[in-house]
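Observations on the model geometry
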Amino acid sequence: MAKLNWGMIGGGQGSQIGPAHRLGALADGHFTLAAGALDHRPDVGRAYAQSLGVAPDRAYGDWTEMLAGERGRADRVDLVTVATPNATHFEITKAFLEAGFHVLCEKPMTVTVEEGEEIVRIAEKTGKICAVNYCYSAYPMVRQARAMVRAGDIGRVRLVVTNFSHGHHGDATDAENPRVRWRYDPAMAGVSGQFADCGIHALHMASFICDDEVEKLSADFASTISSRVLEDDAMVNFRLSRGTVGRLWTSSVAIGRQHGFDIQVFGETGGFRWASEQPNQLIYTPVGGRTQIIEKGEAGLYEEAKRLSRVAIAHPEGFPLAVANIYCDIADAIRGEARDGLPTAASGLRSMAAVHTAVASAKAGGAWMDARPPMFR
Ligand code: NAI
């Protein structure tokens, strides 16, 4: 099968998410890194792209140069990844979709709900893939959990409880560190800090596994480090459209918790738990039965999990490989085989609507509010 050409914006040397995209996109041989505008400093970005094997004429200084350079080429990139800071996602994603490129955008997809709706409309109109990197949903055992819910293995889901709480911004003396500070600065991060940064992964995961959408929510936000304008801790109660009760805690001041992302799903005839720090195991308990460990790579998994299990049973499958699974799904979709689990612009928009609703709810003393984006009501 011919390799697809891939281009990247952001994710330069030393960035947090850049290496995961490169490992992910290149892991299975679907993509070649053909073009890039990798850094906010043009010369640094050009040099770094060339050091990664990009031809000099496709190592661009910024994304507008890349758009102009790529749109006229016969071998133009098939997919553009947007891995820049949040406030730039909208204009870059919009411009590339409108020019006919498929896009994988980092979360949060946009800063406002209106921008999110515009991206959904442009993706629909152009027929181009606009995926959002909710990579945790691409772990094989998360796909297994969703397939189990869909197959009725735990009955109707009553309750979903999820946390994405770490302690890495818990040191008040480090609050001005530039890598930490932007996440709580509205000009850089948007209306929400920790909820938009980590909570949206947990919220997306809850709706992904339950195969349902968030309908309404009530939020309590706190800035436990008082110099922070945006919240560093949030408790969000929510309801999915089929009545499932949802509870979500997200924090960046939970000192001692490391990655801190886990989810428990409780149905009428069973429940399970998955945690990002042990991604290869799904802990399952049927009602009245013993607790079992369902292991990635074992016999009898649903096809959705088997397809994305890359290494043999008992061998670790790490975070970049969850990102790799997003790229597998996109490669299949570009080649005309749509993949069910791929998070799209609609997921990105639902998250932004939830973030804005949570901010409004927290300001209104935790009032329950409709969390659906206007275009999906
Ligand atoms: P970072 O600050 O570590 O790196 C940002 C990179 O983008 C740098 O290389 C910078 O030079 C480059 N850049 C900035 N503006 C640019 C522009 N206009 N054009 C080209 N390059 C530009 O940021 P980090 O942590 O890598 O985050 C980037 C995005 O990825 C954010 O939206 C963040 O929310 C998301 N992210 C997603 C994760 C996930 O699990 N899906 C995990 C970590 C980050």
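Rules used throughout
Throughout, a residue's number is its position along its own chain's written sequence, starting from 1. Two thresholds apply to this predicted model, a pLDDT of at least 70 for residue-level local features and 80 or more for giving and counting side-chain atom pairs, whereas whole-chain, interface and lining totals are computed over all residues. Calculated side-chain values reflect all of the structure's heavy atoms, with hydrogen atoms and water omitted. Domain delimitation in this document rests on an assignment produced automatically or drawn from a domain database. The contact criterion used is simple: two residues touch if any of their non-hydrogen atoms lie within 4.5 Å. When two components associate, each loses some accessible surface as probed by a 1.4 Å sphere; the sum of these losses over both components is called the buried area. When a carboxyl oxygen of Asp or Glu is within 4 Å of a side-chain nitrogen of Lys or Arg, the pair counts as a salt bridge. Throughout this description, a polar contact denotes any pair of N or O atoms lying within 3.5 Å of each other; where both atoms belong to protein, one of them has to be capable of donating a hydrogen while the other can accept it, and for residues adjacent in sequence the pair is counted only when both atoms sit in side chains. Labels follow the DSSP assignment, with helices taken as runs of H or I lasting at least four residues and strands as runs of E lasting at least two, numbered in each case from the N terminus. We call two strands paired when DSSP finds no fewer than two bridges between them. Axes here refer to lines fitted to C-alpha atoms; in helices the fit is confined to the stretch in contact. Angles between the N-to-C directions go from 0 to 180 degrees. Under the pairing criterion, centres of Phe, Tyr and Trp rings, with the six-membered ring standing for Trp, must be within 6.5 Å; the plane angle then separates stacked pairs below 30 degrees from edge-to-face pairs above 60, leaving the rest tilted. Should the NZ of a Lys or the CZ of an Arg lie within 6 Å of a ring centre and within 35 degrees of the ring normal, that charge is described as sitting over the ring.

In the nomenclature of an unreviewed UniProt entry, the protein is known as Gfo/Idh/MocA family oxidoreductase of Fertoeibacter niger.

A word on the domain arrangement of the protein. By the assigned domains, the protein splits into domain 1 (4-135) and domain 2 (139-309 + 345-363). In this structure, domain 1 and domain 2 have C-alpha centres spaced 26 Å apart. Contact with domain 1, which involves 20 residues of that partner, is made by 22 residues of domain 2. Regarding the contact of domain 1 and domain 2, the summed buried area is about 1700 Å², with carbon and sulfur atoms giving 65% of it. If you sort the residues of domain 1 by the area they bury against domain 2, Lys107, Val113 and Tyr134 come out on top, with a joint share of 35%. Summed over the shared surface of domain 1 and domain 2, the number is 1 salt bridge. We note a salt bridge from lysine 107 to aspartate 197, for which the minimum N-O separation is 3.3 Å. Along the contact surface separating domain 1 from domain 2 lie 4 residue pairs in polar contact (both at pLDDT 80 or more). Contributions of two or more residues to the side of domain 1 that touches domain 2 are made by α5 (113-126) and β5 (130-132). Counting residues per element, the side of domain 1 that touches domain 2 draws most heavily on α5, which supplies 5 residues.

Read from one edge to the other, the open sheet built from 5 strands follows the order β2-β1-β3-β4-β5, with strand pairing classed as parallel. The open sheet has two free edges, formed respectively by β2 (31-37) and β5, since each of these has just one partner strand. With strand direction ignored, the average angle separating the axes of adjacent strands in the sheet is 25 degrees. Here strand β4 (residues 102-105) runs beside β5; their pairing, made up of 3 bridges, is parallel. Paired with leucine 104 across the strands is alanine 131, a residue of β5. In this fold helix α1 (residues 18-26) packs onto β1 (4-10), β2, β3 (79-83) and β4, with an angle of close to 175 degrees to the strand it touches most, β1.

It is worth spelling out the packing of aromatic side chains at this point. Going through the model one piece at a time under the given rule, you end up with 12 aromatic pairs. Members of the aromatic cluster, each reached through a chain of ring pairs, are Tyr136, Tyr139, Phe164, Phe261, Trp274 and Phe319. Taking the ring centre of phenylalanine 208 as reference, the NZ or CZ of arginine 146 above it sits at 4.1 Å. Lying over the aromatic face of tyrosine 184, arginine 228 brings its terminal NZ or CZ to 4.1 Å of the ring centre.

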